[in-house]
Each structure stands twice: as C-alpha cells, then as structure tokens.
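Observations on the model geometry
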Amino acid sequence: MAVRHLLIAASGLALVAGSVSAETLRWARAGDALTLDPHAQNEGPTSALAHQIMEPLVMRDMTGAMVPALATDWGPSVDDPNIWVFNLREGVTFHDGAAFDSEDVKFSLDRAMTPDSDYKELLASVVEVRAPSAYVVEIVTDGPNPIMPNNLTNMFMMDKDWAEANNAAKVQDYEGGEDTFAAKNANGTGPYKLISREPDVRTVLEINENYWGTGEFPMEITRIEYTPIQNAATRVAALLSGEVDFVQDVPVQDLERVASTDGLEVRTAPQNRVIFFGMNMGDADLANDSVEGKNPLADVRVRTAMNIAINRDAIKQVVMRDQSQPAGMISPPFVNGWTAELDASVTDIERAKALMGEAGYGDGFSIQLDCPNDRYINDEAICQASVGMLAQIGVTVNLDAKPKAQHFPLINNLETDFYMLGWGVPTYDSEYIFNFLAHTKGEKYGSWNGTRYSNPELDAQIVALASETDLDKRNGMIADIWSVVQEQQLYIPIHHQVLNWGMSDNVSTIVAPDDTAKFKYFTLN
C-alpha cells in the first residue's frame, strides 16, 4: 500500500491528494485538547498540545529527564530553605513579540493557584511568588519543598499583558461550561505558533521563527496539522493511506497491520500512566444504583469484592492484546513510592462473593459505570469487559460511555458514582497522586478525588510530604499513606498502559513515557 512520506521529492509531486510541504507533520489521536487555557485542565492531550505552543520553567525531554526551559537554572536559596530561586532565560519573546520576564512567571503561577485551576495541587505549598528582578523568580513555600521543580514541568507561562488585555486573567471554569478567549487562543513562547483552532476538528501550528531554542533543537518540523479522529478504524486508515503521518494511539488490534506496512513503523514503550475505576464511597445514598437509602460502595468489603472480581490478565490478553501490565495500585512503576508488592493483583470470585454476602449484598445490586470512549487505549472495551466480570458477583453494571469532554466534568462535579479514570504522574512522585486523588476534595487539594473519601488524619500526612526534606523519612511517610489507600480500597486499579506510536519511517523520535510528543525534538530522515 502506498503511504505518504514526509520527505517529498524536489519536484513537489504529491504521493496522495492534499499533501503539503516536506516539513509538515500531520498528527492524529483519538481526542482533542479540551482547552488552550494552560491552567484549566490537567489532562494529557491538553498538555501535549500546550507543550508545542507554551512553555514551563522546567520540562521533561523525550526520555523523561528534567531539563531547563524558560528557567536556565534553579535551586533552594542559600539564605532560606523555604525559597526556591529560578533564574530565567533572557531574550525570550512571546509569539506576538512581547518580552518574557519574571512578572509573567509571577502572574502565571498566581493564576495557577486560583480555585478554577486544575494545577493548584502542585502549588499547594506555595505561600508567595516573588519577582525581585526581571530575570529572577522566587517561590516561597510553607516549609522546604524538596520536589518543587518536579511540580512545574507542565506549568505553562502566559503573557501577563496579553491575558489582561483579552479578559483572560481568570482561569476558565471548564467544569462550569465557561468559554473564554484563552480557551481558543494562545500567545506562548514555545517552538510553534497557533495559526488556527477548530476544537475537535483541526488545529494548525507553524514554527516560531524567533524561538529561543533555534539551534539547540532539531526544529525540523515546521508545520503541524493536528486532527482528532475518535474512531479507531478511521484513525488507522488515515495512517495507512498517508492522510496523516503520526498517530499517537494506534489501536492494539491494528499494531501488526501498521508495523507490516511499507513506509510505516510502530514504536512501543511503557507509559507513566495507570488506568483504574473510582467509586463514590462517601455519599449516604447513590443516585445511580438499585439500593434505596444506603450506599453499598461505602462498605470496604464491597469495594474489595469488586476489585478482586476484575480479571486483569483476561483484560490484558483479550482486550489489550498483551499491550498492558496488570496493576494492583494506582501508581505507575516509574513513580517514587511504587512497589512490586503493592502492585500485585489477584482475581478471586469465590472470596468476592463471600465478601458481598458478609456486607449484606449477597443478592447483588445494580449501578451505572461512567466511561470515556476517546481518552485511553480501548477505554470503552475495558469497561465492557469489566461489566461481565462484575456480573459474576451480582453487581449489575449499566455502562454509559461518552467522549472525555462530557465524561471528566462528571468526576470533577461529583456527578458520578462509579467511573473510569487514568492518571499519569509528571512529577514521578507519589505526592502528586495523593494530592489529587486521595486528599479530601477542597480548595487546594483533591480536585480529581471523585470518591468523596475524606480522612483528616491522612490529609495531614499528605500535606506534610511537601515540606519533608529527609528523603528516607519522606519515603516512609509515602509508604504509610499507600498502606491506607490500599487497605481502604479507594480505587480499583486495572493496568498500566503501554504506548504504541505509529508513524512514517521518515520520522525519527523516541516514545516519551508521558505520551507527550514534543515536536521540536523530532527529526526527519
């Protein structure tokens, strides 16, 4: 089958209708970015698009290593361990030509700490952000924070004047359905400029000719055309025909077909992401179950029964075609705090039935499972398989699958009792998981904790992690918190994802563990 190569002969003859210049990359994946507001949604595809246009102070390269971005160096203050000092890159401009300086950093970090921000947990220990000079920023924390730079790798910087001029100083209330100028427009310092944006249809980026990193990075891709294609068969067909050059999420059932096609290849790597189910264990009664006046998920025996009813090996073999790793905890192996012992999983239908009986639900109950159908690899199929597994212990599951743009607000707005979620950990530290998923949902923490679980003692332990500089002691605290999370069965882990990137063999890159393709690193053969 003929496929379109990125390097087109000098004659300009196209291999397929609509081919563009040699440096154009046509990129597709199942779902679009939810917004361009850099602080409104902490979500993988949203951050992946943002990384092309905007930049943080520090970032992770394609290997996952932390490297300088808008800051050239950083470290704790020699005078005060509660202050992190970041020296900024000089001579950087935003896409509209405005100069970047410390006031933009202070504005952006202050903005990211506001209630509608989906990044506020990462800055929960911050007391104040200061800009003592044009190219120095000081982040003052409540006690020494040993991993503050790790928390900033997806914290994008905005132009203060641009935001204020366009009524975008406030973070978009995404869950509330708000639409703002910053949701569809962007003025970053990144390697690519936004040319056009049609949400869920097409986004076009072009190279930033004034990028500070020109000469430091390959920058061989000069134009990016990004097209979300939700349907898996259509997405693969587009890659096979040459309509697109790079598919970030090749369906597992099509891996062999893509890999065996001349001119195409599949690159695979473990992902820093775990897929799991969350349960509403906090409400007195559930909205979408068959039990009146009670909440069956409030009983840890029921949650445990549901956990051990899931046959992760079967999901791996049948649904994922061996492209997953069964999980027993909601932390990927990349993360500090992960252990093989905690990550072990077991399936035991008889014990699960016994636990259901002990909890008073021997006859079972019905409940609705909310699932995305365009976010994770085979997400709806995983949910469908789980429906049959839970039926074996009397839990009748009514599946409701919908696009992620409608699914995620259900979790954030506490409108779902049983739901699928996936979690990557850009800090590579368990504190990130605890801050978002285990801490009580509140002003600074717990924004993705849809379980309604609240444990003040555990909350205090989680908050204390941010200022513990004795790493051995801190790791012990992390282990203690994981013990509670596991014993209370806060979530039902399913598996760790495996990444499969399909692309023209004229494209050279490695598969980033965070599933973020940073195109300034890509090269063309």
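Structure: see above.
Quick caveat: nothing in here was measured; it's all calculated off a predicted structure.

**Points about the state of the cysteines**
Evaluated as defined, the whole model comprises 1 disulfide. Bridging Cys 371 to Cys 383, the disulfide has an S-S length of 2.3 Å. The sign of the 90° torsion about the S-S bond sets the Cys 371-Cys 383 disulfide as right-handed. With Cys 371 in strand E14 (residues 365-372) and Cys 383 in helix H11 (residues 379-391), this residue pair connects regions lying 12 residues apart in the sequence. Considered together, Cys 371 and Cys 383 belong to a single accessibility category, that of buried residues.

**Examining helix H10 (residues 349-358)**
When we look at burial in H10, the residues that qualify are Ile 349, Ala 352, Leu 355 and Met 356. Within H10, the buried residues cover an arc of 120° as seen down the axis, which keeps them to one side. Across from the buried face of H10, at angles greater than 90 degrees, the exposed residues are Glu 350 and Glu 358. Elements that come into contact with the buried residues of H10 comprise helix H7 (300-309), E14 and strand E15 (395-402). The backbone nitrogen of Glu 350 has a side-chain oxygen 3.4 Å away, supplied by the residue at the start of H10, namely Asp 348. After H10 finishes, the residue Gly 360 shows a positive phi value of roughly 90°.

**Some words on the packing of helix H14 (residues 456-465) against helix H15 (residues 471-487)**
For any two helices packed against each other, the geometry comes down to the angle between their axes and how far apart the axes lie. Relative to each other, H14 and H15 sit at 150°, their axes nearing to 10 Å. Considering the angle they form, H14 stands roughly antiparallel to H15. The handedness of the crossing between H14 and H15 is left-handed. Residue-level contacts link Leu 458, Gln 461, Ile 462, Ala 464 and Leu 465 of H14 to Arg 474, Met 477, Ile 478, Asp 480, Ile 481 and Val 484 of H15. Class assignment for the residues of the contact of H14 with H15 results in 8 nonpolar, 1 polar and 2 charged.

Calculation criteria
Counting starts from 1 at the beginning of each chain's written sequence and moves along it residue by residue. Given that the model is predicted, a residue must reach a pLDDT of at least 70 before its local features are reported, and side-chain atom pairs must reach 80 or more before they are shown or counted; all residues, however, enter totals for whole chains, interfaces and linings. Computation of side-chain values: all heavy atoms of the structure, hydrogens and water removed. Here, two cysteine sulfur atoms that lie within 2.5 Å of each other are counted as a disulfide. For the purposes of this entry, the term helix denotes a DSSP run of H or I that reaches at least four residues, the term strand denotes a run of E that reaches at least two, and both are numbered from the N terminus. Any residue under 20% of the maximum accessible area for its type is buried, any over 50% is exposed, and the rest in between are partly exposed; the area is computed with a 1.4 Å probe on protein chains only. The arc under discussion is defined with respect to the helix axis, by the directions toward the C-beta atoms. Contacts: residue pairs with any heavy atoms within 4.5 Å of one another. Each polar contact in these results corresponds to two N or O atoms within 3.5 Å; when the atoms are within protein, one needs to be able to donate a hydrogen and the other to accept it, and residues that are neighboring in sequence are counted only if both atoms are side-chain atoms. Note on method: axes are straight lines fitted to C-alpha atoms, helices fitted across the in-contact stretch only, with angles between N-to-C directions ranging 0 to 180 degrees. Should an angle fall under 35 degrees it is called roughly parallel, over 145 degrees roughly antiparallel, and 65 to 115 degrees roughly perpendicular, with every other angle called oblique. In a left-handed crossing the near helix is turned counterclockwise from the far helix by less than a right angle, and in a right-handed crossing that turn is clockwise. Classification convention: Asp, Glu, Lys, Arg as charged; Ala, Val, Leu, Ile, Met, Phe, Trp, Tyr, Cys, Pro as nonpolar; all other residues, Gly among them, as polar.

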